[in-house]
Amino acid sequence: MSLGQQLAPHLPFLRRYARALTGSQSQGDKYVRATLEAIVAAPDQFPREVDPRLGLYRMFQGIWNSTNYDEVEGHAEAGEGNEAVARARLAKMTPLSRQALLLTAMEGFTPEDAGYLIEVDTTEVDQLVAEALSEIEQQTRARVLIIEDEPMIAMDIETIVRDLGHEVTGVAVTRDEAVALAMDDRPGLVLADIQLADDSSGIDAVKDILAELQVPVIFITAFPERLLTGERPEPTFLITKPFQRSTVKAAISQALFFDQSTIPAPVA
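Residues numbered from 1 in each chain as written. Predicted model: local features only at pLDDT ≥ 70, side-chain atom pairs only at ≥ 80, totals over all residues. Heavy atoms only, no water.

## Things to note about the sheet that holds strand β1 (residues 143-147)
With parallel pairing, the 5 strands of this open sheet are ordered in space as β2-β1-β3-β4-β5. Bordering the open sheet on either side are β2 (167-172) and β5 (237-240), each of which pairs with just one other strand. Across the sheet, the mean angle separating the axes of adjacent strands is 20° when strand polarity is ignored. Alignment of strand β3 (residues 189-193) against strand β4 (residues 217-221), held across 4 bridges, turns out to be parallel. Pairing of Ala192 across the sheet is with Phe219, part of β4. On the sheet, helix α10 (residues 175-184) packs against β1 and β2 and is oriented at approximately 150° with respect to β2. Together, β1, β3 and β4 form the strand contacts of helix α11 (residues 202-210), whose direction differs from that of β4 by roughly 170°. (Pairing = 2+ DSSP bridges. Helix = DSSP H or I, 4+ residues; strand = E, 2+ residues; numbered from the N terminus. Axes fitted to C-alpha atoms, helices over the stretch in contact; angles between N-to-C directions. Contact = heavy atoms within 4.5 Å.)

Here it is, written out as structure tokens:
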């Protein structure tokens, strides 16, 4: 099996990580493309001593570390909307803490593997994750709309959201209900399943909502690879079913991290 064939199944998940890390589909996909170009240009540099997924993420981390900081410093004031917010956030954040949290909580790497990827000791990974979680506790609280037709899953998500200190504006089970709830009580964050009760689409519901208001969205699906092809406008934040509490917490915190309304006021 060629290296390309070994890496192909892992690309959707690398796109998910890259988008969550940058807060942008376009920026995240740019880093993934750069990673693949680097592998094609110098295949002998690909880490062969580890499994292909770990090697792929290690190559990505090398690209991220070599370009991210200069880009943030040089363009922190440029851009509009989410892109400008992303740059402002990245310029002020502790980069490794967010990376450690996303790699372990969202991507499912062990602390040992995460340490290999960001080039720190395993004990430091635990410290970095604790730092990221401390940052989350200081985030502005959001009002959250949940779009989910499975009652038990909806209850689970609602519990997680409330335990994080956020308010739930409502739970919708169909496209029409989701849009009506969003228009009636505008949320600051949307958590949306893909397939809804009446065979309507959570994606369509989100499109309708975004046509009326600007709000960060996290999609929840059992088939993330279907939404992460890199070929069309796609979710920036994506949770895979079945999910862990830590995954939902990491996704919510990262989505709010890049949202304009959650930037803390400057300290006088």
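Now that the structure has been shown, the text picks up again.
## Thoughts on the environment of Ala18
Take Ala18: it is sitting in helix α2 (residues 11-22). A residue is classified by how much of its surface remains accessible, and Ala18, at 0% relative accessible area, is buried. Along the chain, Ala18 and Lys30 lie 12 residues apart, while their C-alpha atoms are 8.9 Å from each other. With sequence-adjacent residues up to four places away left out, Ala18 is seen in contact with Gly28, Val32 and Phe60. (Buried < 20%, exposed > 50% of the residue type's maximum accessible area, 1.4 Å probe, protein only.)

## Description of α10
Within α10, burial applies to Ala178, Val179 and Ala182. Looking straight down α10, one finds that the buried residues subtend no more than 95° of arc, so they occupy a single side. Turned more than 90 degrees away from the buried face of α10, the exposed residues are Asp176 and Asp184. For α10, the secondary structure elements touched by its buried residues are β1, β2 and α11. (Arc of directions from axis to C-beta.)

## So, the packing of aromatic side chains
Applying the stated criterion to the full structure yields 6 aromatic pairs. When the centroid spacing of 6.3 Å and the interplanar angle of 70° are considered together, the rings of Tyr31 and Phe60 count as edge-to-face. Pair noted here: Tyr31 is in helix α3 (residues 25-41) and Phe60 is in helix α4 (residues 52-75), with a separation of 29 residues, a long-range link. Residues Tyr31 and Phe60 agree in their burial class; the two are buried. Taking NZ or CZ as reference, Arg58 lies 4.3 Å from the ring centre of Tyr116, over its face. (Phe/Tyr/Trp six-rings, centres within 6.5 Å; stacked < 30°, edge-to-face > 60°. Lys NZ or Arg CZ within 6 Å of the ring centre and 35° of its normal.)

## As for unusual backbone geometry
In this structure, the amide linkage connecting Lys241 to the following residue, Pro242, adopts the cis form with an omega of -10°. Tracing the backbone shows Pro242 in the loop between β5 and α12 (245-257). The phi angle at Glu119 is positive, at roughly 60°, despite the residue not being glycine. Within the secondary structure, Glu119 is located in the loop between α7 (111-118) and α8 (122-137). Located in the positive-phi region is Asp199, a residue other than glycine, with phi close to 65°. With respect to the helices and strands, the residue Asp199 is situated in the loop between β3 and α11.

## Points about the confidence of the model for the protein
Chain-level pLDDT for the protein is 85 on average; 84% of the residues reach the 70-or-more range. Per-element confidence in the protein ranges from a low mean pLDDT of 56 for helix α5 (residues 81-92) to a high of 97 for α7. (pLDDT = per-residue confidence, 0-100.)

## A look at the pattern of salt bridges
Opposite charge on two side chains permits them to pair, given that their charged atoms come into close proximity. Tallied over the full model, the rule gives 13 salt bridges. Among the salt bridges present, the one from Arg175 reaches Asp204, with a minimum N-O distance of 3.8 Å. Residue Arg175 is located in helix α10, and its partner Asp204 is located in helix α11; the two are separated by 29 residues in the primary sequence. Using a relative accessible area of 28% as the deciding quantity, one classes Asp204 as partly exposed. The salt bridge involving Asp208 is made with Arg175; its shortest N-O contact spans 2.8 Å. Taken as a pair, Asp208 in helix α11 and Arg175 in helix α10 lie far apart in primary sequence, 33 residues in all. Owing to a relative accessible area of 27%, Asp208 belongs among the partly exposed residues under this scheme. The partly exposed category is assigned to Arg175, whose relative accessible area is 28%. In the salt-bridge network here, residues are joined through shared partners; they are Arg16, Arg53 and Glu107. (Salt bridge = Lys/Arg side-chain N within 4 Å of Asp/Glu carboxyl O.)

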